[in-house]
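# A structural walkthrough
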Amino acid sequence: MENKVTFGSKFGTLVVVAGSCVGLGNIWRFPYLAGNNGGSAFIIIYILCSLTIAIPIMMSEFVVGRSTRKNAFGAFKELSRQKKWCLVGLFGILTSFLIYGFYSVVAGWAISFIQTAFTEGFTGRSPELIHSNFIDYINTGWKPTIAALIFIGLTASIVIGGMEKGIERINKVLMPMLALIILGLFLYSTSLAGFKAGMDFLLKPDFSKIDLNTFLTAIGQSFFSMSLGMGCMVTYGAYIKKETSLPSLALTIGLTDLTIAVLVGFAIFPGVFTFGIEPTSGPTLVFETLPLVFSMMPAGNLFGIFFFLLVFIAAITSSVSMLEPICLFIIQELKTTRVKAVLMISTIVSILAVLCAYSQVEGSPIRLFGSNLFDFLNNITDKFMLPFGALLIIVFVGWFANKELVRNEITNNGLLFNKGFKFYYVIIRYLIPIILSLFVLSLLGIVKW
Ligand code: TRP
């Protein structure tokens, strides 16, 4: 069953794909990774990885999706005529489930924080209180669970509407709002005393902090942030109109995603420096450190409300892009209705989210390989499943898919980007597979550096 629906307009295409990319990856992960890895030195490497590795992979995922107009599983089946390649699609669908499971918990935190900002506010609270409030909140188990379930329900209600009437319509409203909030927060942060220190941290590279791990982190982050390696962009590719140029779409999205990550950094770090907070405080930077900043800054509550609203909007436009790939797979392969597919997936993801939320409660027995389920999923998807999935996809497009088909998709049947095609093809056949193989092998501990 082929997908007959396409994006309604150019603007629609841009906001939907950008909506998928701009998410917790930009707002929650990127700042703490940059903080932990030497600020601008990490950012420079991250930009390089995004341009040379992530953007060509995004183009390749689009090729698979648009040329077949199918879900990730069906697309590989159609293009390869070899059964085993469908497994790449299935692997991506499994990855989507796992990411969606822990992602909804983090997005739920944002919902709870918006509530806190409205009810109790952040102003005047001591650092100890803010820290213990967050820990207490996590330790209740049920509070983050309910927030995550609300988030899953909201995502489901959007995806039930389908691509054009659900996802595209809501993204057209939410993405401009998101851009406005980021700009507003950024302008506000320029007025803070720590603005210069924040800028220095983000603009003056400290290359002594760079090692191989920095590169691995940057590659993993660029996949997560640009929604690559699990067939999400294959699925969105199935909705892209024939006339759209895939290289320019991927480039526009890649640059937007990068710009937003950096702008968020610019909006956050001045506050961090103004109030003398360590930029290296890790994954809790956004949820523990920032409320502290809000508690001390003028108009901190308002800033807090807008900030967590931003986190929520960014998260929901991304979570629809985790649900939709699984949904399209179930609709096309198991021939059910959209409503049934959404309900089925949301039920399974809810169970996973409950387990993730409760795994963070102190002393919880919900653990795998030495870490709680939440951390385990956060790490295994980003550090292994996405790079491995991306490697399989890129090897497929570079070595197994019909070259003419790939060329026609990338160049719009010879109309555009003809000169660039050769370059793209070399990159996806040689450069990226080599880098990603080393990456995957080093993670498996086979290559020691
Ligand atoms: N890119 C999103 C973010 O930055 C997360 C995301 C959405 C994602 N869809 C994905 C990550 C598919 C990997 C694969 O928050």
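In the block above lies the structure referred to throughout.
Quick caveat: nothing in here was measured; it's all calculated off a predicted structure. (Residues numbered from 1 in each chain as written. Predicted model: local features only at pLDDT ≥ 70, side-chain atom pairs only at ≥ 80, totals over all residues. Heavy atoms only, no water.)

## Considerations on the state of the cysteines
A full pass over the atoms with the stated rule returns zero disulfides. Of all cysteine sulfurs in the structure, the one in C21 sits closest to C49, which takes part in no disulfide; the separation is 16 Å. For C49, a relative accessible area of 6% translates into the label buried. The thiol sulfur of C356 is not disulfide-bonded, and the nearest other cysteine sulfur, from C232, lies at 19 Å. (Disulfide = S-S within 2.5 Å. Buried < 20%, exposed > 50% of the residue type's maximum accessible area, 1.4 Å probe, protein only.)

## Let's talk about the environment of L149
By secondary structure assignment, the location of L149 is in helix 7 (residues 142-159). Judged by relative accessible area, which is 35%, L149 ranks as partly exposed. Along the sequence, L149 and F400 sit 251 residues apart, while their C-alpha atoms lie 41 Å from each other. What L149 contacts, discounting residues up to four positions off in sequence, is S350 and V354. (Helix = DSSP H or I, 4+ residues; strand = E, 2+ residues; numbered from the N terminus. Contact = heavy atoms within 4.5 Å.)

## With respect to the pattern of salt bridges
In this structure the tally under the stated criterion is eleven salt bridges. The residue K70 makes a salt bridge to E78 at a minimum N-O spacing of 2.7 Å. Residue K70 is classed as buried on the basis of its relative accessible area, which comes to 16%. Taking relative accessible area as the criterion, E78 reaches 35% and is therefore assigned partly exposed. In this structure, the salt-bridge partner of D206 is K209, at a minimum N-O distance of 3.5 Å. Given the relative accessible area of 30%, D206 is considered partly exposed. Several salt bridges converge on common partners, so that one network encompasses R66, K242 and E409. (Salt bridge = Lys/Arg side-chain N within 4 Å of Asp/Glu carboxyl O.)

## A short note on the site of the ligand
Neighbouring the ligand are 17 residues; C21, L24, G25, Y103 and F224 lie closest to it. S20 is positioned such that a nitrogen or oxygen atom in its backbone is 3.1 Å from a nitrogen atom of the ligand. Here C21 contributes a backbone N or O atom positioned 2.9 Å from an oxygen atom of the ligand. For the ligand, whose accessible area on its own is 360 Å², the fraction buried by protein is 100%. Elements represented by at least two residues in the shell around the ligand include exactly helix 1 (10-21), helix 2 (24-36), helix 5 (86-119), helix 10 (212-225) and helix 14 (300-334). Of the residues contributing to the shell around the ligand, the split by class is nine nonpolar, eight polar and no charged. (Near = heavy atom within 4 Å. Polar contact = N/O pair within 3.5 Å; in protein donor to acceptor, adjacent residues only side chain to side chain. Areas by Shrake-Rupley, 256 points an atom, 1.4 Å probe, with all protein chains shown as cover. Nonpolar A, V, L, I, M, F, W, Y, C, P; charged D, E, K, R; others polar.)

Everything listed here is a matter of geometry and, on its own, says nothing about what the molecule does.
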